[in-house]
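Overview (structure and organization)
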Amino acid sequence: MTTSNRVILTDIEGTTSSISFVKEVLFPFARRALPAFVKVRGHEPAVRKWLDLVATELGGMCQDAMIAEVMQGWIDEDRKHTALKALQGMIWADGYRNGDFTAHIYPDAAQALQRWHADGVPLYVFSSGSVPAQRLFFGHSDAGDLTGLFSGWFDTEVGEKRDFRSYDRIASEIDVPAARVLFLSDVVAELDAARTAGMDTVLIDRREDYPEARDADAANGHRRLESFEGIDPAV
C-alpha cells in the first residue's frame, strides 16, 4: 500500500480518453438521436425538467422540436450546458446498453487508475459531462467496468471547470485540503483554476489529441506529461 495522502481528481476528455471519441462518436450519436428522444420521452419528469429549463432560458413557451433544434446547435458549438449534458447522458445510456459503442480510454490511463486504486489512492472525476454520463462512460469502457475505482463524481452542477470556486467546493465535499488534491486535465485554463484553489496540477498533453506540444509558456507553469506514466501520487 502506498504511503501517499494524495487524492487524484481527473478530467475525462483529452485526459483519460481521446477527444476524437467524444467529438466523432458520442456527439454525433446524441445529435442524431435528440429530436426523436425529445419527442418520445419529453413527457418523463427527468427529461421534462431540462426541457423546461431550456425553454425558460429561450424566453418562454417553446415547442419541444424547437428546443431539440437549439440543443443540436449547442452540440455543434460544444456548449457546456448542464441541461444538454444531462439529456446527452440519457441518450448515450441507450447507446451503451445497445452495444452501439464502448467508451475509449487510453491504456496508460486505465492501468494507472487501477494501480492507484489498488494502492489506496482515492480517485475522483470532474467533467463537464453529467455524473450519470461519467458513470456510463467508465462503466462501458474499452477496459471494462472501471466505476468501482472511483470514490466520487463531479460535473458542472458543482460549478464551471474554469472557476476556482468549483475546485474549492470539490475539496470541501471530499473533505480534504486542496493542497492534497492532484488535478489532471488537458485544459490549461482548468488547471489554472485548480491551482488558484490550492491544488497541485498536471497538464496531460497527449500527441494523439494535441499534435503540437504545449511549450512552457502555453503550459503556464503546470507540470506537463504526455501520458499518465510518470505521475506519482506520493510526490
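I will try to describe carefully the structure that is included in this document. Just so you know, the residues in each chain are numbered from 1, in the order the chain's sequence is written. This being a predicted model, a pLDDT of at least 70 is required before a residue's local features are given, and a value of 80 or more before pairs of side-chain atoms are given or counted; all residues contribute to the totals for chains, interfaces and linings. With hydrogens and water excluded, all non-hydrogen atoms of the structure serve as input to the side-chain values.

What follows concerns the overall build of the protein. Labels follow the DSSP assignment, with helices taken as runs of H or I lasting at least four residues and strands as runs of E lasting at least two, numbered in each case from the N terminus. Within the protein, the regular secondary structure consists of nine helices and six strands. For 235 residues, the compact-globule formula gives about 18 Å, and the C-alpha radius of gyration of the protein, at 18 Å, lands near that figure. Considered along the principal axes of its C-alpha atoms, the protein spans approximately 55 × 35 × 35 Å. Within the protein, the proportion of its 235 residues that are buried is 54%. Here a residue-residue contact requires only that any non-hydrogen atoms of the pair lie within 4.5 Å. When contacts within the protein are restricted to residue pairs at least 6 apart in sequence, long-range pairs at least 24 apart make up 67% of them. What sets the accessible areas is the Shrake-Rupley method with a 1.4 Å probe; for residues, cover comes only from the shown protein chains. With the model as given, the accessible surface of the protein reaches about 10800 Å², and the carbon-plus-sulfur share is 50%. Radius of gyration: C-alpha atoms only; globule rule: 2.2 Å multiplied by the number of residues to the exponent 0.38. Exposure is judged per residue with a 1.4 Å probe applied to protein chains only, and the accessible area is read against the type maximum: over 50% gives exposed, under 20% gives buried, and values in between give partly exposed.

This part covers the sheet that holds strand β4 (residues 181-185). Each strand in a sheet pairs with another by means of backbone hydrogen bonds, the pair being arranged parallel or else antiparallel. Here six strands make up an open sheet; going across it, the order is β3-β2-β1-β4-β5-β6 and the pairing parallel. Where the open sheet ends on each side, the last strands, each with one partner, are β3 (152-154) and β6 (223-225). With direction set aside, neighbouring strand axes in the sheet form an average angle of 25°. At least two bridges found by DSSP between two strands are what make those strands a pair. Looking at chain direction, β4 and strand β5 (residues 200-204) are connected through four bridges and run parallel. Looking at β5, one finds that L182 is bridged to D200. Between N-to-C directions, angles span 0 to 180 degrees; the directions come from axes that are lines fitted to C-alpha atoms, helices contributing only their stretch in contact.

In a helix, the anticipated span is given by 1.5 Å times the number of residues less one. Compared with the 22 Å implied by 1.5 Å per residue over 16 residues, the 23 Å span of helix α4 (residues 82-97) between its first and last C-alpha is a close match. In terms of burial, α4 is largely enclosed, as 13 of its 16 residues are buried. Phi for G99, located one or two positions after α4, is positive at around 75°.

Below, the discussion takes up helix α3 (residues 64-77). In an α-helix, one turn spans 3.6 residues; hence positions three or four apart end up facing the same way. The first and last C-alpha atoms of α3 sit 20 Å apart over 14 residues, in line with the 20 Å expected at 1.5 Å per residue. Close packing links the buried residues of α3 with α1 (19-41), α2 (45-57) and α4. Looking one or two residues past α3, D78 carries a phi angle of roughly 55°, positive in sign.

By secondary structure assignment, the location of D155 is in the loop between β3 and α7 (164-174). Charge assignment: positive for Lys and Arg, negative for Asp and Glu; neither His nor the chain ends contribute. Here, a salt bridge means any Lys or Arg side-chain nitrogen found within 4 Å of an Asp or Glu carboxyl oxygen. Comment: no salt bridge for buried D155; closest opposite-charge side chain is R135, at 9.3 Å. Under the rule applied, a polar contact is a pair of N or O atoms within 3.5 Å (in protein, one hydrogen donor and one hydrogen acceptor; residues adjacent in sequence only if both atoms are side-chain atoms). Here the side chain of D155 touches V131 through a polar contact of 2.9 Å, landing on its backbone nitrogen. Those residues in contact with D155 that lie beyond four places of it in its chain are F126, S127, G129, S130, V131 and Q134.

Attention now goes to the nonpolar core. Nonpolar cores are built from buried Ala, Val, Leu, Ile, Met, Phe, Trp, Tyr and Cys residues. Side-chain atoms within 4.5 Å join them into one set. Within the largest apolar cluster, 59 residues are counted, with the highest numbers of intra-cluster contacts made by W116 and F138. By size, the runner-up hydrophobic cluster in this structure holds 22 residues, among which are I170, V181, V188 and L191.

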